[in-house]
Each structure stands twice: as structure tokens, then as C-alpha cells.
Amino acid sequence: MNNKPDIASLVSRADTALTEVFKKLDATAFHNQKKVMDAFYRHRISEQHFYPTTGYGYNDKGREGLDAVWADVFGAQSALVRHSVVSGTHALNLGLFGLLRPGDTLLSVTGKPYDTLEQAIGLSGEVGQGSLRDWGVRYRQIDLREDGSPDLNTITETVRDNGTIKVVFVQRSRGYSSRPALPVMVIGEIVHAVKSINPDVFVMVDNCYGEFVEVLEPTDCGADLAVGSLIKNPGGGIAESGAYFAGTKKAVELVSYRLTSPGIGAECGASLGHTKEMIKGLFFAPHAVAQALKTACFAAYMLEELGYKSSPRWDAERHDIVQSLELGSPEGVCAFCRGIQRGAPVDSFVVPEPWDMPGYSHPVIMAAGAFTQGASLELSADAPMRPPYTVFMQGGLTWESGKLGVLYALEELLY
Ligand SMILES: *Cc1c(COP(=O)(O)O)cnc(C)c1O
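Structure report, in brief. All values derive from a computational prediction rather than experimental measurement.

What counts, and where the lines are drawn
- Residues numbered from 1 in each chain as written.
- Predicted model: local features only at pLDDT ≥ 70, side-chain atom pairs only at ≥ 80, totals over all residues.
- Heavy atoms only, no water.
- Helix = DSSP H or I, 4+ residues; strand = E, 2+ residues; numbered from the N terminus.
- Rg over C-alpha atoms; globule rule 2.2 N^0.38 Å.
- Buried < 20%, exposed > 50% of the residue type's maximum accessible area, 1.4 Å probe, protein only.
- Near = heavy atom within 4 Å.
- Areas by Shrake-Rupley, 256 points an atom, 1.4 Å probe, with all protein chains shown as cover.
- Nonpolar A, V, L, I, M, F, W, Y, C, P; charged D, E, K, R; others polar.
- Polar contact = N/O pair within 3.5 Å; in protein donor to acceptor, adjacent residues only side chain to side chain.
- Contact = heavy atoms within 4.5 Å.
- Salt bridge = Lys/Arg side-chain N within 4 Å of Asp/Glu carboxyl O.
- Pairing = 2+ DSSP bridges.
- Axes fitted to C-alpha atoms, helices over the stretch in contact; angles between N-to-C directions.
- Parallel < 35°, antiparallel > 145°, perpendicular 65-115°, else oblique.
- Left-handed = near helix turned anticlockwise from the far one by under 90°.
- Expected span 1.5 Å × (residues − 1).
- Core = buried A, V, L, I, M, F, W, Y, C linked by side-chain atoms within 4.5 Å.

The helix and strand inventory of the chain stands at 10 helices and 12 strands. For the chain, whose C-alpha radius of gyration is 21 Å, the value lies close to the compact-globule estimate of 22 Å for 415 residues. The C-alpha extent of the chain, read off along each of the three principal axes, is 70 × 50 × 40 Å. Put simply, the chain has 415 residues, and 55% of those count as buried.

Written out as C-alpha cells, the structure reads:
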């Protein structure tokens, strides 16, 4: 064991150094918890909201209560929360198709959107699948500036000069790229810039991985629509599928017509008994997000001390739950992912290997052992096998289990 770093003393230094960081995370969690509890109080959440409905699901109290609570928590006029939306991508697709019409232009102002949206927009994939492009919706993009901030001048000019722009699209999280996540205040600045030129343009935010990281959500700052997955942050590790839309009455209504049918909107949709898990998930979400953030800060601290590059840095302000760690070699990436897998509650005995995932240009390795398949508020890590061999890690439903996962990862990495 000579020349190997003393992990125990490093952990104790981390525990001391992170005290102040954790205090801030706890304060944010407390604030967000209060928002949730106040909304439960205001909308009188009770046992009756948990009863399942079947068939058309008319007058489903649980569905209506959950939508109302969600709108309050997100500082929005209206919300739609449905277990039947299969993923974040599905939700974003519904949002885009709900707001855009043939001849309109979609303007992404945070560079290229998340990979899985490419085919929905029609940037890749076959003609005729029913992408936005097939429906005559044009696409334009403004990249983030060198420092990761939005190019407000170009955004303003573009919205002024192009009268066909109907949706300005913002991705809050870094996703799996090297750009930083956007602070909610900055999203507010984008909203302000766009609305000052044309208040009829919708600002739609891909809010995946961002919920409850800050005390405000994009909808608190005027965004027309925020969209996210319930098997990430706002499901609190409890919701087993689904997604949400929060925003203005008009935007959410348009999405509801796309989700079901014009004329039906949000009035139908049997809950089949899934409402309780979504309400309970929202209750747990502020705390669970803080647990994931503590795990991320700890990982960043430990790896930085060991000489690796991390983003965000351990003591940096956070705007999403994703932590990227530059491990520098394929062996490093695989070792780290083996350790994260070992720290999972489910499938901890499995050894992850890189594989040629459809749609990716490089083999990808993924570590995940979640109670809910694919849930990434649960501890998980993935990496494309290409230089600089960066792992993207997120989640950790409890800080204790997240810490253990990171310690296993260090063990694999160093010994
Ligand atoms: C996860 C994610 C998506 C897509 O969600 P899926 O549930 O994986 O389809 C979109 N955007 C961002 C930023 C994400 O993190």
C-alpha cells in the first residue's frame, strides 16, 4: 500500500471541507420542502387523492390535486403530471409539438439540444418519421458563448429579425456535454430578453436534472413551459415513471391537447393508482436532490484532491445534479464505473462493460443499479469511451449510500 493515497484521512478532510457546502444544500432543501408542504396544505392533499381511477378517469381528484400542487411548487399557473408519459424525451416531444405549428421556427439558444431530441426535431433520423421537420417546422440554433453563458445579444437580434420564431428552447442542465448548467437567474434573463422583443414567443425549458437544485425554477422566472422526467429529480426516487409540464395556462393547455386530444386536454387519463407514488415522490424530491448533490460534491472533492479534473468543482454553486469527472484513461473510466455499480442497491454484483449502444458513435459504459429501471436520481454513472475519458455521475438517493458508492469507485480506481 506504499505510495497509495491515504483514503481515510482524505475522507476526514472532505467531511470537514464539505461542512459549509452541505449547510447550503440543506438550506435549499429546507426551502424547497416548505414549498412542497405549503402546496400540500393549500390544496388539502389527503387520502382521497390516492384512490385509483380507471377508464376515462373523469374527475380524478388525485390527478387534479397533483397538477395543482405541482403548479404551485413550480411557481406556474398550471401543470400536467402524468405517469403515462414514458420519458423525458417523450415529454419534450409533446411540449414541442404542442407549441409549434407548420411554418414556425424552433430556436434553441443553448446550442444543440440533448441527443435524444435530434430525431424529434429532425436533425437526424429518417424523413417521414413525423419529426418537426416533416411537419414543416424549421430549426435554428444559437450556441452558448465560450464561457457557457447564453448569447443574449444574438438571441435578441434573432427573435427581432425572424418573425417565424414561436419557441425559444433552453436546456438547463449540462446533460452529457462539457458545457456548464445554466443558473435559473440566467434563464430568467433569456426570458426577459425574448419577451421584451415579442411576448408571444414561448420560452420552453428542458428542466431535466435541474429541479430543486435551486430555490427557484425557470417557471418562477417567467418561462412558459418547463418539462422534466419523474424518474429524475422531481420523482424523488419514488415515482416509477412519468413526466411533468409546468407553465402558463396557455402553454400547458396546448400541451394537454397534444397529450390527449383537442377538446379533451387534461380532463381525462386514468391514474390507475399511480398518483400516490407521484405525490409521495414530490414530497421526497427536495431532500433526495440534496442527497444526490452531496454525493456529487464529495466525489468532486475526492477526485480533485487525487489530481483529477472535475466539473463543477467541489465547492462551486450547482445548477443541476450532474457531476463530470475527467479520468483520463479507459481503464480509469471502467474502474470508476465498476465501483459505482458496486455501490448500487440493486445489481451490485454486476460488472459493467463498455458496449456499442445504438445511436452513439463510441462505445458507452453505464453503471446503474436502480430500484426503478433507468432512474438517474439513483446513483449512476456513464461515459462514452473516448478522450478525455470523462465520466458523468449523478444521483444517490441517500448521502450515505452515495458516499459508499464513491468510496467503492475510488477503491477500484486506486487499488
Ligand atoms: C435525461 C434528459 C433528457 C431526456 O430524458 P429521458 O427520460 O432520458 O428521455 C433530456 N434532456 C436532459 C437535459 C436530460 O438530462
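Let us look at the site of the ligand. The full set of residues close to the ligand is Ser87, Gly88, Thr89, Leu92, Tyr114, Gln171, Asp206, Cys208, Tyr209 and Lys232. Protein contacts shield 89% of the accessible area of the ligand, which totals 380 Å² for the unbound molecule. Ranked by residues supplied to the shell around the ligand, first place goes to helix α3 (residues 88-99) with three residues. In terms of residue class, the shell around the ligand is made up of four nonpolar, four polar and two charged.

On to the side chain of Ser108, then. On the secondary structure map, Ser108 appears in strand β2 (residues 105-108). Within the local environment of Ser108, its side chain forms a polar contact with the backbone oxygen of Gly111, the two atoms lying 2.6 Å apart. In this structure, Ser108 is in contact with Pro113, Tyr139, Arg140, Gln141, Ile142 and Phe169, ignoring residues within four places of it in sequence.

Under the criterion given, the structure shown has 15 salt bridges. As a salt-bridge pair, Lys403 and Asp15 come within 3.2 Å of each other at their nearest N and O atoms. Within this pair, whereas Lys403 is found in helix α10 (residues 399-414), its partner Asp15 is found in helix α1 (residues 7-42), the two being separated by 388 residues in sequence. What makes Asp15 partly exposed here is its relative accessible area of 34%. Among the ionic pairs, Glu118 bridges to Lys112, the shortest N-O distance being 2.5 Å.

Here the focus is the pairing of strand β11 (residues 380-384). The element β11 is largely enclosed, with a buried count of five among its five residues. Of the two faces of β11, the one holding Ser380, Asp382 and Pro384 and the one holding Ala381 and Ala383 are both buried throughout. Bridge count between β11 and strand β12 (residues 390-394): three bridges; the pairing is antiparallel. Bridging from a neighbouring strand, Asp382 pairs with Phe392 of β12.

What follows covers the packing of α1 against helix α2 (residues 61-73). Closest axis-to-axis distance for the α1/α2 pair is 9 Å, and the angle between their directions is 140°. When the axis of α1 is compared with that of α2, the two are oblique. Between α1 and α2 lies a crossing whose hand is right-handed. When α1 is examined against α2, the residues Lys35, Val36, Ala39, Phe40 and Arg42 are found in contact with a partner set consisting of Val69, Asp72 and Val73. Taken together, the residues of the contact of α1 with α2 break down into five nonpolar, no polar and three charged.

What follows deals with the pairing of β2. The alternating pattern of β2 places Thr105 and Leu107 on one face and Leu106 and Ser108 on the opposite face, and all of these are buried. With four bridges connecting them, β2 and strand β3 (residues 138-141) associate as parallel partners. Pairing of Leu106 across the sheet is with Tyr139, part of β3. Pairing of β2 with strand β4 (residues 165-171) involves four bridges; the strand directions are parallel. Residue pairing across strands places Ser108 opposite Phe169, the latter belonging to β4.

Moving on: helix α9 (residues 330-342). With 13 residues, α9 should cover 18 Å at 1.5 Å per step; its first-to-last C-alpha distance of 18 Å lies within 8% of that length. Check the buried side of α9 and you find it contacts α8 (275-305), β9 (323-326), β10 (364-368), β11, β12 and α10.

What follows deals with the nonpolar core. If you look at the biggest cluster of nonpolar residues, it comprises 70 residues, and the most contacted ones within it are Trp70, Met302, Val333, Phe336 and Met393. By residue number, the principal contributor to this core is α8, which donates 15 residues. Sequence-distant contacts of Trp70, that is, excluding residues within four places in its chain, are made with Ala79, Val81, Leu230, Pro234, Tyr244, Ala246 and Leu282. Core analysis: the second largest hydrophobic core is formed by 25 residues, Leu99, Leu100, Leu117 and Phe245 among them.

Next up on the list: the sheet that holds β9. Pairing within the open sheet is antiparallel, and its five strands lie in the order β8-β9-β12-β11-β10. Edge positions in the open sheet fall to β8 (309-311) and β10, since each of these has one partner strand only. Adjacent strand axes in the sheet meet at a mean angle of 15°, parallel and antiparallel pairs treated alike. In this sheet, β9 lies alongside β8 in antiparallel orientation, the contact comprising three bridges. When the bridges of β9 are listed, Lys309 appears paired with Glu326. This element, α8, spans β8, β9 and β12 of the sheet and lies at about 15° to β9. Sheet contacts for α9: β9, β10, β11 and β12; angle to β10, the most-contacted strand, approximately 20°.

On to unusual backbone geometry, then. Between Ser311 and Pro312 the backbone carries a cis peptide bond, its omega angle lying at -5°. Within the secondary structure, Pro312 sits in the loop between β8 and β9. For Tyr389, which is not glycine, the phi torsion reads 55° and is therefore positive. The topology assignment puts Tyr389 in the loop between β11 and β12.

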